Amino acid sequence: GMEREDGAHGPRGPGLGCASFNQDSTSLAVGTKTGYRLFSVTAVDRLECIHESAESPDAYIVERLFSSSLVVVVSQAAPRRMNVYHFKKGTEICNYSYSDSILAVRLNRQRLVVCLEESIYIHSIKDMKLLKTLLNTPANPSGLCALSVNHSNSYLAYPGNASIGETIIYDANNLSTVTMVPAHDSPLAAITFNSSGSKLASASERGTVIRVFSIPEGQRLFEFRRGMKRYVNISSLSFSSDTQFLCASSNTETVHIFKLEQHGPSGEEEASTWSSYVGKMFTAASSYLPAQVSGMMSQDRAFATVRLQTTGQRNVCTLTMIQKLPRLLVASSNGQLFIYNIDPQDGGECALVQTHSCALDVLPCLFVLSGFSEDGGARKGEVIPEHELAAGPVRLDDEAEFPPVSIQNR
């Protein structure tokens, strides 16, 4: 296979920063060399800064739980330590130290998952207790893992093999393995669940094919090709809330959006926002669906595309509804957010409607909450005992603090 470009994942060099959307894409977290910021992404023209911290320098992981005050931060200065904060109260809920650098953190309302290169730790969100340690997982140097945001199933996906693209599906609620999906011939590069946890999309290191599988069965449903033969590093995959579209971004200048044509009746569990916007969708008789192999749909070009203005920047993409219209959001690790309109009927080239800069040195924050120590009072160099709560449990199921999940009418 071809060599992967370095620096796409893992603890980053100082100052590179990071960007991540929360589970329902209503919020963007940006980490920089001086700290991190949380933004509300509910309007196209206005990017509202909800929180700013200058006390987690070189944060390379910043993950917020939905629209709650819970945020998880890992910084370059202490890459083995996960800090969990209640940012509105300005308090640290707890912190945990692990045996190796933290490569990824995933959250839903039931579970918090911490991924290291050769192990995965599953915590209960309710009290942050460690429930399960998956030791000796296949070498996963980029910390690849996905957790379904639907906490009623809490599926976790991670590589089952370091040399071929096998994906383990694990039930993080019942703490048991569900199945192994033989997704690709070469190692995995990206995986994501749809919002209900009924589908999983994956891409391999070659980046030529993106496949979609039914979960928990692991049946192959769709196969998408970008229409180009060259290998690319696909860094980000994301479904729309109704699972009708899937976007993929890479180290190239193009973001691809694929359309999942419905097989028979659509799943009732999916939100209907995108489909209702368009009315009755045209069927699989569509001209760009040449092959139908044993129930699997195959498409050899994208339904819609975006040409990015910057290349070489690590980025993350998501599909969301803002002000009742379907949008593609692309956030780059240097702190820029690009918002594009998508034509859900005809696809094609998406129009750029807005660019925002989120970097700390560019944009003054609208309001700042400060005056607290984010390390929970631990002295520098003091190691918190592994898997021991540094503070008493916070009632994370308090509805006022952590409102229940609802499909927001945006």
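Residues numbered from 1 in each chain as written. Predicted model: local features only at pLDDT ≥ 70, side-chain atom pairs only at ≥ 80, totals over all residues. Heavy atoms only, no water.

Next up on the list: the confidence of the model for the protein. Mean pLDDT over the protein: 80, with 74% of residues reaching 70 or higher. Between residues 1-15, whose pLDDT stays under 50, and residues either more than four places distant or in other chains, the model counts 26 contacts. Across residues 362-401, where pLDDT falls below 50, the model places 76 contacts with residues more than four positions away in sequence or in other chains. (pLDDT = per-residue confidence, 0-100. Contact = heavy atoms within 4.5 Å.)

Here strand β19 (residues 209-214) pairs with strand β20 (residues 220-225) via five bridges, running antiparallel. Among the inter-strand pairings, F213 is bridged to a residue of β20, identified as R220. Between β19 and β20, which follow one another and run antiparallel, lie five residues, and G218 among them has a positive phi close to 80 degrees. Direction of pairing for β20 relative to strand β25 (residues 296-299): parallel, over a ladder of three bridges. Paired with E223 across the strands is S298, a residue of β25. (Pairing = 2+ DSSP bridges. Helix = DSSP H or I, 4+ residues; strand = E, 2+ residues; numbered from the N terminus.)

Read across the sheet, four strands follow the order β5-β6-β7-β8 without closing on themselves; strand pairing throughout is antiparallel. The outermost strands of the open sheet, each flanked by one partner alone, are β5 (59-64) and β8 (91-97). Here the strands of the sheet are splayed against their neighbours by 20 degrees on average, with no regard to which way each runs. Across five bridges, β5 lies against strand β6 (residues 70-75) in antiparallel orientation. (Axes fitted to C-alpha atoms, helices over the stretch in contact; angles between N-to-C directions.)

Turning next to the nonpolar core. Membership of the largest hydrophobic core comes to 22 residues, with the highest contact counts inside it found for M82, V84, I102 and L112. Counting only elements with at least two residues in this core, the list comes to β5, β6, β7 (81-86), β8, β9 (104-107) and β10 (111-115). L112 has contacts with V72, M82, V84, V105, R106, L107, Y121, I122, H123, I125 and M128, leaving out every residue within four places of it along the chain. Among the nonpolar cores identified, the runner-up in size contains 18 residues, and A201, A203, I234 and A248 belong to it. (Core = buried A, V, L, I, M, F, W, Y, C linked by side-chain atoms within 4.5 Å. Buried < 20%, exposed > 50% of the residue type's maximum accessible area, 1.4 Å probe, protein only.)

Right, let's get into empty space enclosed by the protein. Tallied over the entire structure, the rule returns three cavities of 30 Å³ or more. Empty space within the largest cavity amounts to approximately 70 Å³. Taken together, the residues of the lining of the largest cavity break down into three nonpolar, ten polar and no charged. (1 Å grid on protein atoms, 1.4 Å probe; cavity = no way out; pocket = protein on both sides within 12 Å on 5 of 7 lines; lining within 4 Å. Points joined across faces, edges and corners; volume = space filled by probe spheres on them. Nonpolar A, V, L, I, M, F, W, Y, C, P; charged D, E, K, R; others polar.)

Another point: the packing of aromatic side chains. Any aromatic ring pair is given by two values, namely how distant the centres are and how the planes are angled relative to each other. This model, assessed by the stated rule, comprises six aromatic pairs. Seen in terms of ring centroids, F224 and F258 are 4.8 Å apart; in terms of plane orientation they differ by 20 degrees. Their pairing is stacked. Here F258 lies in strand β23 (residues 254-259) and F224 lies in strand β20, a separation of 34 residues in the sequence. Residue classification places F224 among the buried positions, given a relative accessible area of 1%. A residue is classified by how much of its surface remains accessible, and F258, at 0% relative accessible area, is buried. Three or more aromatic residues joined by ring pairs make a cluster, and in this case those are Y96, Y98 and Y121. (Phe/Tyr/Trp six-rings, centres within 6.5 Å; stacked < 30°, edge-to-face > 60°.)

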